[in-house]
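Results of the structural survey
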Amino acid sequence: MKKYFLSLFIFGICYLTFANPVSAAIGPKFGYKMTWNIENVYYYIDQSAPGYSGTIAAAAKNWVYTGCGYNKLYPNTSTTNKTNSAIDIFAASEGRNGMLAGTLMFKRVNGNATLLNPNYSAPTDNWLFAEIHINNDVFQNYSFEVRQGTMAHEFGHAFGLAHNQIANSIMGQVDVRKVQTVQQIDNDTFNSIY
Ligand SMILES: [Zn+2]
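This one's a predicted model, so the numbers in the text were calculated from it and none came from an experiment. (Residues numbered from 1 in each chain as written. Predicted model: local features only at pLDDT ≥ 70, side-chain atom pairs only at ≥ 80, totals over all residues. Heavy atoms only, no water.)

Moving on: the coordination of the zinc ion. Six octahedral donors around a metal ideally sit at 90 or 180 degrees from one another, while four tetrahedral donors ideally sit at 109.5 degrees. Distances from the zinc ion to its protein donors, namely H153 (NE2), H157 (NE2) and H163 (NE2), fall within the range 2.0 to 2.1 Å. Motif for the zinc ion, donor spacing along one chain: H-x3-H-x5-H. Note on H157: relative accessible area 8%, which makes it buried. In this structure H163 comes out as partly exposed when scored by relative accessible area, which is 36%. (Donors = N, O, S within 2.8 Å, 3.2 Å for Na, K, Ca; no water. Buried < 20%, exposed > 50% of the residue type's maximum accessible area, 1.4 Å probe, protein only.)

What follows is the structure, given as structure tokens:
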């Protein structure tokens, strides 16, 4: 409820900022989505990634309060109970051709987690939960802003948003995008999925 009223206030600002609220632009999507209740999302930080908790928290909160209208996502805060977590976050030195981070999606079949997108390819079915893997080799060389933007970008993948070539979208890759926060097109794309 609290989120609803805050969003009304923020939407008022966005409405004045973006002159054309009628035609919402929708970005590319995977065509599948997270089946976890989007109004009860928590993330879990693995012991490999505690140093990034501030960065992760900023990106997670950004997706809840985008400043660009309401979305259903809530609360998207951390939990220490992994079984309550829709998104698990790890960090490791992975090399991987300069990639900052990647997102893996899993569904549960007969109680077993089944990976839907090997090598960070596009998922082939709806997923119950996601894992975000930070590549320390590259990630640690960037500023707080770019790290936050990268985490917001990976959260976007976890929710079903695919890459685009739009500078003013969090779903542009790091060499394309000029923003490090969730934009109008990203919030509208999220709302078109959930
Ligand atoms: Zn990406």
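On we go from here.
A complete count under the given rule lists 9 aromatic pairs for this structure. Ring geometry for Y52 and F139: centres 4.9 Å apart, planes at 80 degrees, overall edge-to-face. Taken together, the residues Y52 in the loop between β1 (41–45) and α2 (53–64) and F139 in helix α3 (residues 136–139) connect sequence positions 87 residues apart. Like F139, Y52 is buried. Aromatic pair F106 and F129: ring centres 5.2 Å apart, planes at 10 degrees, arrangement stacked. Here the residue F106 occupies a position in strand β4 (residues 101–109), and F129 occupies one in strand β6 (residues 129–135), the gap between them amounting to 23 residues. Using a relative accessible area of 11% as the deciding quantity, one classes F106 as buried. (Phe/Tyr/Trp six-rings, centres within 6.5 Å; stacked < 30°, edge-to-face > 60°. Helix = DSSP H or I, 4+ residues; strand = E, 2+ residues; numbered from the N terminus.)

Within the fold, E154 resides in helix α4 (residues 144–159). No salt bridge is formed by the buried E154; its nearest oppositely charged neighbour, R177, is found at 7.1 Å. (Lys, Arg positive; Asp, Glu negative; His and termini not counted. Salt bridge = Lys/Arg side-chain N within 4 Å of Asp/Glu carboxyl O.)

Quick look at the pairing of strand β5 (residues 112–115) now. Successive residues of a regular strand alternate their side chains across the two faces of the sheet. Both β4 and β5 contribute to a ladder of 4 bridges, which runs antiparallel. Bridge assignment links R108 to a residue of β5, and that residue is A113. (Pairing = 2+ DSSP bridges.)

Here we take up α2. With 12 residues, α2 should cover 16 Å at 1.5 Å per step; its first-to-last C-alpha distance of 17 Å lies within 8% of that length. Among the residues of α2, those classed as buried are T55, I56, A59, A60, N62, W63 and V64. (Expected span 1.5 Å × (residues − 1).)

Under the criterion given, the structure shown has 1 salt bridge. A salt bridge links D125 to K107; the shortest N-O distance between them is 2.8 Å. With D125 in the loop between β5 and β6 and K107 in strand β4, this residue pair connects regions lying 18 residues apart in the sequence. Judged by its relative accessible area of 28%, D125 is partly exposed.

This brings us to unusual backbone geometry. Backbone torsion omega between Y74 and P75 reads -10 degrees, so that peptide bond is classified as cis. Along the chain, the position of P75 falls in strand β2 (residues 75–78). Of note in this structure, N119 is not a glycine but carries a positive phi near 55 degrees. Along the chain, N119 falls in the loop between β5 and β6. Owing to a relative accessible area of 75%, N119 belongs among the exposed residues under this scheme. Phi angles above zero are rare outside glycine, and Y120 is one such case at about 60 degrees. Note that Y120 resides in the loop between β5 and β6.

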